[in-house]
Structure formats: structure tokens, C-alpha cells
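What follows is each chain in one-letter form.
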Amino acid sequence: MVQRVESRGLLFGMPLSLIWGYIAIAVFMTGDGIELAFLSRYIVDLGFSATQASLLFTVYGLLAALSSWSSGVLAEVFRPRRIMRIGVIAWIVFHVLFLCFGLEMKNYPLMVLFYGIRGLAYPLFIYSFLVWVAQVAPRERQASAMGWYWTMYSIGIGFLGTYLPSFTIPHIGFMGTLWMAVAWVAVAGAMVVFLVREWQVADTCANKTLAERLHELSRGATILFENRSILITAIVRIICNLTLFGFPVIMPLFFTSPEAGFTMEQWLRIWGALFIVTIFTNVMWGLIGDRIGWVFQMRWFGCGGCALATLAFYYLPLTYNGSFFAALVGAVALGIFVSAFVPMGAIFPAMAPEHKGAAISAHNLAAGLSSFMGPAIATLGISTIGVESIVWIYALLYVVGIVLTYFIHVDQPGLEYKAMPSLDNLKRSEISEAI
């Protein structure tokens, strides 16, 4: 579908030709994620139940999953910049409708409708840029380039998107903070349109008929069944971010309850600490993964580390009687290990180099399903089995992920594949993915 045009330079794996696009991701995700850590609490305060608040996120995640699936191939067929522009416009329109006719009127059906449709918009922006990165970055530096992408994502949704509300809510309130998000998203859209000036990909779709383009779009779904490794990797991709989307639904309620004893501002800063860590560890794990092995890293540091950190995130504040420091330790641990999954964005296109858009669409579908499954598990369990049991479900699913990684087959550039050495005798030059 596309031909790579090499970027002019790299900064620790980041294609410098796309630097404004990377920054736009951070700005966009600031606006998109500004409500993530407080919206469930605010909806409950408006008089709705915790289950209704969780259901709102579940519907949002489901529609985001559908949009995520199509965004990769849409970007490859119609060019990333165009799809990103559509995503920005749709996001602004439906966010405004959500605020005006949903929250301000306390109309729950319209809240679900407009917030859900807004979920269709953000994948068009952020995941189309993933296609752009995959087309530009050298194959042997894909994990590093993806690490920078997830760093910018973390700066937006985690650092700025979480810490800004902790300062703005006391002054302009919940609704004022939600309205502020529009400006961030609009600026991100303007940056992509006006500052990312060079096309780095030769357009080989120009002579394609509509039927041929639709066939390529359908490949974003069929590739899951044509390539077993991609299907298994997609399942691991769903598992890897369950806590990032599930915890914002249940943990604001838990941390601000009498049992934990934190204020909303404290919770926001604890959750924000997780993403501050990922700003650095996303790049770190990208560079490390290119050297020690993508799958090996995800197996032990991603799945294994997240299983333990998920439990620590819940139990440390309880064990140490609501200690803010203990809660920070749990958040930092989860941030370190969840970012070990950054090679995911490199693994999918490496498995299908002739159909990168379709492979990235499979990645995006799995990412979207993660944003659906995380809140869905919380919705089903919050009123029946409780927060503690939900936390254990997330942790056990990470253990399942460890097993699944042994069935992932990918040819990673720059590594010689030998028998897996023991963890004690691990040498960078000798690591394989032992699948």
C-alpha cells in the first residue's frame, strides 16, 4: 500500500520529521484525557449510580474500539493527516454536545449517546499517527519510535490531563475544566494541519478504485484470522492496558471513600504520578526492547510486572493506613511496568510488512477493546464482587498474558534468535524471544 520514505534524522529513535506530530499527540491527549480521572466521581455526585458512571465509560470504550479498528487502514488508504483532521472536528462537535445536552441537562441517555460517539473520534487522530510513524521510522528502530509516541501520549493523558484538573477544579469547577479541553484539542488539530508540513510517504493508493480501497479496509479485520500470531498478540494487547482504563472508573470511588481516605486532589496526583513515570519509561523500554527482545520484555516486565503492580496499587494504601507515599509507590510501580508494552506498536507491522495499515488496525482494535474491557469488567463487578475482586481479575489476566506471549512469533530486526538464556545469565547480545 505504501512505500517508506526514510526520515531525515532520528533523535533516540524519534523521526525528527514528525516531531510536531508527536507534540500534537501530547496536546490532543491532554484535552481528550482531562476528564478521565474525575468524570466517574462527578457523575456520581450529580446523582447517578456508580454502575451508570461505569456504563458510560464502557459504551465509550466499545465505540472507540470500532473506530480504532478502522483508523489504521483509513490512514493508510486516505493518508494520516486527513483522517486526523476528521478526528479533531468530530471530537470537538460531540464533546460540546455532551457538555451542553448531556451533563448540563443531567440527561443520562444523551450523556451516553454523545460521549459514546465522541469515543469514535479520538482513535482517528491518535492511531492514524501511529501509521505515519510506522511508515517513516526505520524497521530496526520501530520500538524506539513507538516509545516516543507513547511518551507523548502519557504526557498528555497522564501528566497534563491528570494534573491540570487538580489545579483547575478548585477554581473553575468540573464543567469549566471540561470546557477547557476543547482548546487543547483544537490546538492539536492546528499543529497537524499547519506544522507537520512534509509528506513522508509515497501515495500508492492514488490509482486505486473504491472497491480496492474497501477491500484493503476489510483486511483490518480479516488479518486477525489469517495470522494466528497477530490474533494472539491482539489478545495480549487487550490485556496490557486493562488497568489504565479500568482503574479510573473504580479507583476514584475507592480512593475517595472513607476506607482509603484520600481527597479528590490527592487521587488525581497519585494517578498522575503513574503517567509522569511513563514519560521516561516509555522511551526507556522502547530502547531496551530493541535490544533485549520485544516479546521477552513484554512477557516478564510487562505482563509479569503489571500483575504484581496491579495488586500493589490497591493493597499498599490499605496496608499503610492511607499513606500518600505508599499509594505513590504503587502508582510508580504500575507506571514502570505498563510501559514495558511499548514494543506492541512495532510487533504488529513487523508481522505483516506488506499490509502495515491492516496490521496496525488490528493493534488499534485491540487497544480500543482494552478501553472497552477495562470499564466493562468494572461495570459488571462493582456492585456485585467489589473493587478488590476486580483488582484480582485484572492481575490474573496479566498472568494469562505471560502464557500467551509464548505463542507470539515475530522476526525482530537486529536480534539473532537462539535458545533463551536464563534470567540470571541474561546478556543483551544473546537474548531471543523463545517462542
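Residues numbered from 1 in each chain as written. Predicted model: local features only at pLDDT ≥ 70, side-chain atom pairs only at ≥ 80, totals over all residues. Heavy atoms only, no water.

### What to know about the overall build of the chain
(1) Moving on: Looking only at helices and strands, the chain features 15 helices and four strands.
(2) Moving on: Summarising the internal contacts of the chain: among those between residues at least 6 apart in sequence, 84% fall at separations of at least 24.
(3) Moving on: Summed over its atoms, the accessible surface of the chain is roughly 16000 Å², and 68% of this surface lies on carbon and sulfur atoms. (Helix = DSSP H or I, 4+ residues; strand = E, 2+ residues; numbered from the N terminus. Contact = heavy atoms within 4.5 Å. Areas by Shrake-Rupley, 256 points an atom, 1.4 Å probe, with all protein chains shown as cover.)

### Observations concerning the packing of helix α11 (residues 294-319) against helix α13 (residues 344-351)
(1) Moving on: Relative orientation of the contacting elements α11 and α13 amounts to 140°, with a least axis distance of 10 Å. Taken together, the axis directions place α11 and α13 in an arrangement best described as oblique. The two elements α11 and α13 meet at a crossing, and its hand is left-handed. Two secondary-structure elements touch here, α11 through Trp294, Val295 and Met298 and α13 through Met344, Ala346, Ile347 and Ala350.
(2) Moving on: Class assignment for the residues of the contact of α11 with α13 results in seven nonpolar, no polar and no charged. (Axes fitted to C-alpha atoms, helices over the stretch in contact; angles between N-to-C directions. Parallel < 35°, antiparallel > 145°, perpendicular 65-115°, else oblique. Left-handed = near helix turned anticlockwise from the far one by under 90°. Nonpolar A, V, L, I, M, F, W, Y, C, P; charged D, E, K, R; others polar.)

### A closer look at the nonpolar core
Side chains that are nonpolar tend, in soluble globular proteins, to be buried together.
(1) Moving on: Tyr22, Phe28, Leu103, Phe125, Ile126, Ile250 and Met251 are the most contacted members of the largest nonpolar core, which totals 146 residues.
(2) Moving on: The element contributing the most residues to this core is helix α6 (residues 142-194), with 19 residues.
(3) Moving on: When near neighbours in sequence (up to four residues on either side) are disregarded, tyrosine 22 contacts Met14, Pro15, Phe129, Val133, Ala145, Trp148, Tyr149 and Met152. (Core = buried A, V, L, I, M, F, W, Y, C linked by side-chain atoms within 4.5 Å. Buried < 20%, exposed > 50% of the residue type's maximum accessible area, 1.4 Å probe, protein only.)

### Section: unusual backbone geometry
(1) Moving on: In this structure, arginine 79 takes a positive phi of about 80° despite not being glycine.
(2) Moving on: Assignment of secondary structure puts arginine 79 in the loop between α3 (50-78) and α4 (80-103).
(3) Moving on: Unusually for a residue other than glycine, asparagine 321 sits at a positive phi of about 55°.
(4) Moving on: With a relative accessible area of 73%, asparagine 321 lands in the exposed category.

### Considering the environment of phenylalanine 125
(1) Moving on: By the secondary structure assignment, phenylalanine 125 is in helix α5 (residues 108-136).
(2) Moving on: Residue class for phenylalanine 125 comes out buried when judged on its relative accessible area of 0%.
(3) Moving on: Setting aside its immediate chain neighbours within four residues, phenylalanine 125 contacts Ala24, Ile25, Phe28, Met84, Val88, Ala188, Gly189 and Val192.

### As for α3
(1) Moving on: For α3, spanning 29 residues, the distance from its first C-alpha to its last is 41 Å, which sits close to the expected 42 Å at 1.5 Å a residue.
(2) Moving on: Helix geometry: α3 is bent most strongly at serine 71, by close to 35°.
(3) Moving on: The positive-phi residue at the C-terminal boundary of α3 is arginine 79, with phi of around 80°. (Expected span 1.5 Å × (residues − 1). Bend = angle between axes of the 7 residues up to and from the residue.)

### Comments concerning a nonpolar patch on the surface
(1) Moving on: A cluster of nonpolar side chains, contributed by Leu11, Phe12, Leu16, Ile19, Trp20, Val193, Phe194 and Leu195, occupies part of the molecular surface with about 730 Å² of accessible area.
(2) Moving on: Every element with two or more residues in the nonpolar patch is listed here: α1 (19-32) and α6.
(3) Moving on: Summarising the element assignment, leucine 11 is placed in strand β2 (residues 10-11).
(4) Moving on: Judged by its relative accessible area of 37%, leucine 11 is partly exposed. (Patch = residues over 30% accessible without salt bridge, like charges linked within 9 Å, V, L, I, M, F, W, Y side chains within 5 Å. Salt bridge = Lys/Arg side-chain N within 4 Å of Asp/Glu carboxyl O.)

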